[in-house]
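Report on the structure
Chain by chain, the residues:
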Amino acid sequence: SIQAVFDVASLCNNAIATFSPPSTLGDTQNSQSSGQPTELALLVAAVKAGVSDPRPQYHRLQEIPFTSDRKRMEVRARPVNGCHSCAAFTNAVLKETKANAKASLENRERGGMFSSK
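How each quantity is defined
Residues numbered from 1 in each chain as written. Predicted model: local features only at pLDDT ≥ 70, side-chain atom pairs only at ≥ 80, totals over all residues. Heavy atoms only, no water. Helix = DSSP H or I, 4+ residues; strand = E, 2+ residues; numbered from the N terminus. Buried < 20%, exposed > 50% of the residue type's maximum accessible area, 1.4 Å probe, protein only. Contact = heavy atoms within 4.5 Å. Areas by Shrake-Rupley, 256 points an atom, 1.4 Å probe, with all protein chains shown as cover. Polar contact = N/O pair within 3.5 Å; in protein donor to acceptor, adjacent residues only side chain to side chain. Expected span 1.5 Å × (residues − 1). Arc of directions from axis to C-beta.

**Observations regarding the overall build of the protein chain**
The number of helices and strands found in the protein chain is 3 helices and 5 strands. In sequence order, the secondary structure elements of the protein chain are arranged as α-β-β-α-β-β-β-α. Burial statistics for the protein chain: of 117 residues in total, 22% are counted as buried. Considering only contacts within the protein chain whose residues lie at least 6 apart along the sequence, 44% involve residues at least 24 apart. Approximately 7,800 Å² of the protein chain is accessible, and the part contributed by carbon and sulfur atoms is 55%.

**Thoughts on unusual backbone geometry**
The residue lysine 71 is not glycine, and still its phi comes out positive at about 60°. Within the secondary structure layout, lysine 71 lies in the loop between strand S3 (58-64) and strand S4 (72-79). By relative accessible area, lysine 71 is classed as partly exposed at 27%.

**Examining the environment of isoleucine 64**
Here isoleucine 64 shows up in strand S3. Isoleucine 64 sits 12 residues away from arginine 76 along the chain, and the two C-alpha atoms are 8.8 Å apart.

**Remarks on the side chain of arginine 72**
Among the secondary structure elements, arginine 72 is positioned in strand S4. Residue arginine 72 is classed as buried on the basis of its relative accessible area, which comes to 13%. Polar contacts involving the side chain of arginine 72 include one to the side chain of glutamate 74, which spans 3.0 Å.

**Description of helix H2 (residues 37-48)**
Taking 1.5 Å of rise per residue, the 12 residues of H2 would be expected to cover 16 Å, and the 16 Å separating its terminal C-alpha atoms lies within 8% of that figure. Listing the buried residues of H2 in full gives Glu39, Leu40, Leu43 and Ala46. Summarising the axial view, the buried residues of H2 lie within an arc of 120°, below the 170-degree limit, and thus occupy one face. More than 90 degrees from the buried face of H2, the exposed residues found are Pro37, Thr38 and Lys48.

Everything listed here is a matter of geometry and, on its own, says nothing about what the molecule does.
So this is what it looks like as structure tokens:
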């Protein structure tokens, strides 16, 4: 769903964007932002789609930043509500996703970054 897409896009995002008041989303005089243009665009798109920012609901435990070679960013996070489960989120270029999914599973089997071992 679009909610899940924007949740991951927000969780794998280091940009900060605030709009005051929300009704003036396109008015740059009432907004504050910092970060990479692509990350800011994802946050703006989420707001326009009516999806709230999920980042306050998670503690970020680990991050592998986006690089042009890897074409993805990965974040490991734990919900702030005290659950002991961790989640891994990946924001990737779509054509890279299928190949990387197989590599990630193989990495997990070897006890890599997102291993549950």
